[in-house]
Amino acid sequence: MTTLTLSSDELVRRAKARIESLTAEDAVALLDDPNTRFVDLRDVRELQREGTVPGALHCPRGMLEFWVDPDSPYHKDAFASGQRFVLFCALGHRSALATQQLVEMGFGPVCDIEGGFKAWREAGGTVDKKD
Ligand SMILES: O=S(=O)([O-])[S-]
């Protein structure tokens, strides 16, 4: 078996030390803020199963760096809105790594939700069910 020199837990821990994370309660309070755009990084099957934050932009994790980059052929105008982007995933691990990547790219303002969509639901956040 491969012995890793850096675990995924450690990667996430390092990312969390470098990024801004909102509590789920603070994120819920921003739901109707026109200057905020929520970005759901989860797999489409997770959205279908569990719903999402109303109005959230779904961005598959693997496309994020390309969608934010105006020089990429995959660029999405939604990321040029000048809003503050609040990334989230299921539990806050993928979003921590993703937020760190965007900070490293010079993209912002960007932050994530501590505890992800699970924490959002537990904080009483509205859920938009797909069907
Ligand atoms: O979405 S996750 O935090 O479980 S990787």
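Since the structure is predicted, the reported quantities are computational estimates derived from the model, not experimental observations.

Focus: the pairing of strand β2 (residues 36-40)
Counting buried positions along β2 yields four of five residues, so the element is predominantly enclosed. Judged from the five bridges that link them, β2 and strand β4 (residues 84-88) form a sheet pairing that is parallel. Within β4, the position partnered with Thr36 by the bridge is Arg84. Where β2 and strand β3 (residues 57-58) come together, two bridges link them in parallel fashion. Of the residues in β3, the one forming a bridge with Val39 is Leu57.

Topic: the site of the ligand
The ligand sits among Cys89, Ala90, Leu91, Gly92, His93 and Arg94. Interatomic distance of 3.1 Å between a backbone N/O atom of Gly92 and an oxygen atom of the ligand. For the ligand, an oxygen atom lies 2.8 Å from a polar atom in the backbone of His93. Compared with its free state, where it exposes 210 Å², the ligand has 78% of that area covered by protein. Here the residues of the shell around the ligand are counted per class, giving three nonpolar, two polar and one charged.

Procedures and definitions
- Residues numbered from 1 in each chain as written.
- Predicted model: local features only at pLDDT ≥ 70, side-chain atom pairs only at ≥ 80, totals over all residues.
- Heavy atoms only, no water.
- Buried < 20%, exposed > 50% of the residue type's maximum accessible area, 1.4 Å probe, protein only.
- Helix = DSSP H or I, 4+ residues; strand = E, 2+ residues; numbered from the N terminus.
- Pairing = 2+ DSSP bridges.
- Near = heavy atom within 4 Å.
- Polar contact = N/O pair within 3.5 Å; in protein donor to acceptor, adjacent residues only side chain to side chain.
- Areas by Shrake-Rupley, 256 points an atom, 1.4 Å probe, with all protein chains shown as cover.
- Nonpolar A, V, L, I, M, F, W, Y, C, P; charged D, E, K, R; others polar.

It is worth stressing that arrangement in space is one thing and function is another; only the former is reported here.
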